[in-house]
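# Examination of the molecular architecture
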Amino acid sequence: MGWAKFFKRRSWDAERAREIEFHISAETAENIDRGLPRAEAETAARRKFGNPALVREEIYRMNTVGWLESLWQDARQTARLLRKNPGFTLVAVVSLGLGIGANTAIFELIDAVRLRELPVERPGELADLRIAGGTSGFGVINGAYGQLTHPLWLEIRQNHEPFSGVAAWSPDQFRVGRGGESRRAHGLFVSGEFFNVLGVKPWRGRLIEPADDQGACPDTTAVLSYQYWRREFGGRDIKGLKLHVDGGVKEVVGVAPPDFFGVAVGEFFDIARPFCKPKEYRREVFTVSVIGRLRPGWTVDRASSYLAGVSPGMFTATAPEGYSSKSVEQYKQFRLAAYPAASGVSFLREAFDTPLRLLLGITGLVLLMACANLANLMLARASAREREVAVRLALGASRRRLLRQMVVEGALLAGLGVAVGVTLAHWLSKLLLWSFSDAFNTIALPVATDWRVILFATGAGVLTCLLFAALPAIRATRAEPVTAMKNGGRGLTAGRERFSLQRMLVTGQVAVSFLLMAVALLFARSFSNLMTFNPGMRRAEITVAFIGFQESHLPKERLLPFAKELLDEVRQIPGVQSAATTTNVPLLGSSWTHGVTVGSTEGSSKFTWVSPEYFGTMNIPVITGRGLTDADTAAAPRVALVNQTFVRTFIGNRNPIGTTMRTGAEPGYPSTVYEIVGVIPDTRYGDLRDGIPPMTYAPASQYPSPGPWAAIMIYSSIAPAALIHSVKSRITAAHPEVEMEGEVLEDMIRAGMRRERIMAMLSGFFGAVAALLATIGLYGVISYIVNRRRNEMGLRIALGATGPRVISMMMSEAMKMVAAGLAVGIVLTLVAVRAARSLLFGLTPYDPLTLGATLLLLVLIGGLASYIPARRASRLDPMTALRCD
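Residues numbered from 1 in each chain as written. Predicted model: local features only at pLDDT ≥ 70, side-chain atom pairs only at ≥ 80, totals over all residues. Heavy atoms only, no water.

## What about the overall build of the protein chain?
Each helix and strand in the protein chain was counted, giving 28 helices and 23 strands. For the protein chain, the residues scored as buried account for 51% of the 885 residues in total. Pairs at least 24 apart in sequence give 82% of the contacts found in the protein chain among residues at least 6 apart. A total of about 40000 Å² of accessible surface is found on the protein chain, and carbon and sulfur atoms cover 59% of it. (Helix = DSSP H or I, 4+ residues; strand = E, 2+ residues; numbered from the N terminus. Buried < 20%, exposed > 50% of the residue type's maximum accessible area, 1.4 Å probe, protein only. Contact = heavy atoms within 4.5 Å. Areas by Shrake-Rupley, 256 points an atom, 1.4 Å probe, with all protein chains shown as cover.)

## Section: the pattern of salt bridges
As enumerated under the stated definition, the model contains 30 salt bridges in all. Between Glu741 and Arg184 there is a salt bridge whose closest N-O contact spans 3.7 Å. Linking Glu741 in strand S23 (residues 739-744) with Arg184 in strand S4 (residues 183-190), this pair joins segments that are 557 residues apart in sequence. Between Lys564 and Asp568 there is a salt bridge; the shortest N-O distance is 3.7 Å. Taken as a pair, Lys564 and Asp568 lie in helix H19 (residues 556-571) at a separation of four residues, close to a single helical turn. (Salt bridge = Lys/Arg side-chain N within 4 Å of Asp/Glu carboxyl O.)

## Here's the deal with H19
Counted at 1.5 Å a residue, the expected span for H19 with its 16 residues is 22 Å, and the 24 Å between its end C-alpha atoms agrees. When we look at burial in H19, the residues that qualify are Leu559, Phe562, Ala563, Leu566, Leu567 and Val570. Taken down its axis, H19 places every buried residue within 145° of arc, on the same side. (Expected span 1.5 Å × (residues − 1). Arc of directions from axis to C-beta.)

## Quick look at helix H9 (residues 226-233)
Taken as a whole, H9 has its buried residues at Tyr228, Trp229 and Phe233. For H9, the buried positions fall inside an angular range of 100° around the axis, keeping them on one side. Where H9 terminates, the next one or two residues include Gly234, which has phi positive at roughly 60°.

## Some remarks on the environment of Ile776
Note on placement: Ile776 falls in helix H24 (residues 754-788). Residue classification places Ile776 among the partly exposed positions, given a relative accessible area of 35%. Here the alpha-carbon distance between Ile776 and Val506, two residues 270 residues apart in the chain, equals 9.6 Å.

## Some remarks on the packing of aromatic side chains
For the structure shown, the criterion picks out 32 aromatic pairs. Arranged with centres 4.4 Å apart and planes meeting at 5°, the rings of Phe107 and Phe456 form a pair that is stacked. Taken together, the residues span a long stretch of sequence, with Phe107 in helix H6 (residues 86-115) and Phe456 in helix H15 (residues 451-468) at a distance of 349 residues. Under the relative-accessibility criterion, Phe107 is labelled buried at 14%. Since its relative accessible area comes to 25%, Phe456 is described here as partly exposed. Every member of this aromatic cluster is reached through a ring pair, and the members are Phe138, Phe286, Phe315, Tyr323, Tyr331 and Phe334. The ring of Tyr339 has Arg130 lying over it, and the distance from NZ or CZ to the ring centre is 3.9 Å. Sitting over the ring of Trp298, Arg302 keeps its end group 3.7 Å from the ring centre. (Phe/Tyr/Trp six-rings, centres within 6.5 Å; stacked < 30°, edge-to-face > 60°. Lys NZ or Arg CZ within 6 Å of the ring centre and 35° of its normal.)

## A closer look at the packing of H19 against helix H22 (residues 720-734)
The N-to-C vectors of H19 and H22 enclose an angle of 135°; their axes lie 10 Å apart at closest approach. When the interaxial angle is binned, H19 and H22 end up oblique. Helix-helix and strand crossings are classified by hand; for H19 and H22 the assignment is right-handed. The residues of H22 that touch H19, namely those facing Leu566, Glu569 and Val570, are Val727, Arg730, Ile731 and Ala734. In terms of residue class, the contact of H19 with H22 is built from five nonpolar, no polar and two charged. (Axes fitted to C-alpha atoms, helices over the stretch in contact; angles between N-to-C directions. Parallel < 35°, antiparallel > 145°, perpendicular 65-115°, else oblique. Left-handed = near helix turned anticlockwise from the far one by under 90°. Nonpolar A, V, L, I, M, F, W, Y, C, P; charged D, E, K, R; others polar.)

## Section: a nonpolar patch on the surface
Together, Ile826, Leu830, Tyr846, Leu855 and Val859 give the surface a local cluster of nonpolar side chains, amounting to about 340 Å² of exposed area. Of all the secondary structure elements, the ones that give two or more residues to the nonpolar patch are helix H26 (803-832) and helix H27 (848-874). Residue position: Val859 is located in helix H27. (Patch = residues over 30% accessible without salt bridge, like charges linked within 9 Å, V, L, I, M, F, W, Y side chains within 5 Å.)

## Considering the packing of H26 against H27
Helix-helix packing is described using two parameters, namely the angle between the two axes and the distance between the axes. Across the interface, H26 lies against H27 with an axial gap of 8 Å and an inter-helix angle of 150°. In terms of orientation, H26 and H27 fall into the roughly antiparallel class. Read as a crossing pair, H26 and H27 show a hand that is right-handed. On H27, the residues that touch Gly803, Val806, Ile807, Met810, Met811, Ala814, Met815, Val818, Leu822, Ile826, Thr829 and Leu830 of H26 are Leu851, Leu855, Leu858, Val859, Gly862, Gly863, Ser866, Tyr867, Ala870, Arg871, Ala873 and Ser874. Partitioned by chemical class, the residues of the contact of H26 with H27 number 17 nonpolar, six polar and one charged.

## Re a positive patch on the surface
Among the surface-exposed residues, Arg76, Arg80, Arg83 and Lys84 lie close enough to one another that they form a single positively charged patch. Residue Lys84 is classed as exposed on the basis of its relative accessible area of 66%. (Lys, Arg positive; Asp, Glu negative; His and termini not counted. Charge placed at Lys NZ, Arg CZ, Asp CG, Glu CD.)

## Topic: the pairing of strand S8 (residues 248-255)
Counted residue by residue, S8 has six buried out of eight residues, so it is predominantly covered. Taken together, the four bridges between strand S6 (residues 221-224) and S8 define a ladder with parallel strand orientation. Paired with Ala222 across the strands is Val252, a residue of S8. Linking strand S7 (residues 242-245) back to S8 in an antiparallel pair, the connection comprises two residues, with Asp246 at a positive phi of about 50°. (Pairing = 2+ DSSP bridges.)

## Considerations on unusual backbone geometry
Notably, Leu587 is not glycine yet its phi reads approximately 70°, a positive angle. Position of Leu587 among the secondary structure elements: in the loop between strand S14 (576-582) and strand S15 (593-598). Residue class for Leu587 comes out buried when judged on its relative accessible area of 6%.

## Examining the pairing of S14
Of all seven residues in S14, six are buried; the element is thus mostly enclosed. Strand direction decides the pairing type here: S14 and strand S22 (residues 709-716), joined by six bridges, are antiparallel. The partner of Ala580 across the bridge, within S22, is Met713.

## What about the nonpolar core?
One finds Phe194 and Leu445 to be the most contacted residues of the largest nonpolar core, which totals 123 residues. When residues no more than four places from it in sequence are discounted, the contact partners of Leu445 are Leu109, Ala112, Val113, Val265, Gly266, Leu348 and Leu433. With 46 residues, the next largest nonpolar core counts Ala168, Ala222, Val300 and Leu307 among its residues. (Core = buried A, V, L, I, M, F, W, Y, C linked by side-chain atoms within 4.5 Å.)

## Let's talk about the confidence of the model for the protein chain
Close reading of the predicted structure is inappropriate where its pLDDT is low. With 87% of its residues at a pLDDT of at least 70, the protein chain reaches an overall mean of 83. Every residue in residues 487-497 is under pLDDT 50, and counting partners more than four places away or in other chains gives 22 contacts. (pLDDT = per-residue confidence, 0-100.)

## Here we look at the side chain of Ser304
Here Ser304 lies in helix H10 (residues 300-317). Take Ser304: its relative accessible area is 16%, and that puts it in the buried class.

## So, the environment of Thr354
Checked against the element boundaries, Thr354 lands in helix H12 (residues 347-384). Using a relative accessible area of 35% as the deciding quantity, one classes Thr354 as partly exposed.

Take a look at the structure:
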């Protein structure tokens, strides 16, 4: 009943007003009947009844929820006060909104990457099947999601007691179209059970079914993602729709639902095709991921125990051939295990887990700084309202009611900050997601403001209110009315204890600013070191042409000669200074490792097969011996060049020239003896961050396992776009069936450093925000101190203090806070930056140049922030300052 009256206050109050007027009219009529004139009769009736407004209020309080009504009154009064102080309100809400928004945006990314479940039926029943502990470098790992081999998948398909269904999937790149006009699409190979196990229903047509991947199926069907269907075909009817994919015609049989992106979070697919291969799958290539749905009563741990029990038989049955007996025994020791997969699988979790946690910590500190500014603002308002509080206490208001009103003010500010923060977070998360992507990697995360995000932002707002709004309110309501109502409330000077809390908050802000700015500079310098690091080879003015000639249908013996013909075509293009083929483009993260034996020393070496011009193209000198030549043909003795690390590891102080090494046998790579004919300097291989491993370069003409593709490194000073166009035009003119893509090596290297780029960019942004908040906080506190000490400043000036003396005094007080904050900040930084050690390159977390630059920058910021109010204090008119308030 009371709740209903509260929400219908206006109509209920109007009804009570009509009742009161009715009673007054009745009383007036009785007075008239007694012989009183109408005016006196009405006056007497109203005097007898009392004040109608007070009567209505008393009736309302008796019939409604009292605390809710009082709270509503406090909220309305607070809203009026905030509306009358737009500057205070704007600064407080924007500061809080920025802090809460930044935290919420990072949380949205963490939610999308780690917490949100897949948009499928009963995702809690899903489990990811993979080798416990990984493969330890065994075999060929094809992509980030290559967990198992196809033969292992077929064994699991026949033996999956813990699961009501199992399915396999593998991401790939498809070529859609013909020859030089083809374009790349994100592909997904799936088993026939894939969509059924996940419980995904078609949006149009049907999805891939078990009958589509039986044995050497014809591979003529395809399913489109909803986004690709809308983007490429405008949502047209799929009946009769066919695509030319990877050299074959595929019939589009269905479209996946709009929210389904696969099971790899952050990835997406355009086209899904069934696993159909006319040839037997290779046993050493790990290219398949398997997901299963647990049967009722089974848990992930129980399923893992079952898989561990059947693993020996599975790995024995699928053991690859062509390896040494030692390597085969290593393979047979692998064990399968099941892992929870309700939220899918994700390479992003491994690559960005630490950066996201660090960014959440950074934005949390930014929020604390914003809250400190709010606390300073609330303390200043509380001090300015001391007289108001004193008057209200003297008139009978309870301290509890005044405290509640001020807490409501903080809660309203926090609520507005949450609203601004959630709105800002939506756009910030989109911006962050855009920064995670580049021309080579598109991150597709389903970022959305769901209940978890709202709960997180609300929790941040409540914490802000409790910690940073309640404290000033408690302090303000502790004032004694008699003291607060004295002239000025403070005498001629204000004691230092009145500003102690503000000083502590500013000191904390400076300390946190030092930490955040030091971290930002560390990441910025780390990224700069990566971008300017000399890998021991030419990286500028290098363009890479990736050429595929699958549709040429060449026999194996023609693959290497055809690649050489393509290389000769490229060399003839005007502006090309040199060009060479390679089986591994350096610095992009890929690698090929062979076991090698030199004398009695066993180990491993990275291997690359290159054409003779490679070392000149990449500006790698030959230190000892000779380079590769055209005489190193397929029929010639096997030769190789090695780097200095290889020599130190396997040969020592002996002369390496003429030394032989033997490679271990692998499928497609028989054991081979190579003679070392030259030594090159140490260069980086797969990644700028990694150390330099032993490396071996052999002639491309002696590559034992060529495929219908070639990677050509091109050194040219002409614009990359023009060069790529020239190469593509020349090759497709001579070979229309050949597919070709060109990329700039520097751009690909930069794309591989997106984690470092993101950390440098975002930590720099939040470091700048922290510095700005610290500047605002310091400026606000000094301005507040100047305002509260106007009488003191006026007295000092009247007694002869000069302007520079006043400025020096105020800035000295400010710089003491800055110095204290810097001391605390240095200690915090030395403790905290150890967590970022693994993300830094070319410098230590305790880099003195970074710490010194941060120290100097904050001293300058502190000096500027305190000089402006200090200068204003030095210009006070003594008569005005000493006048009674």
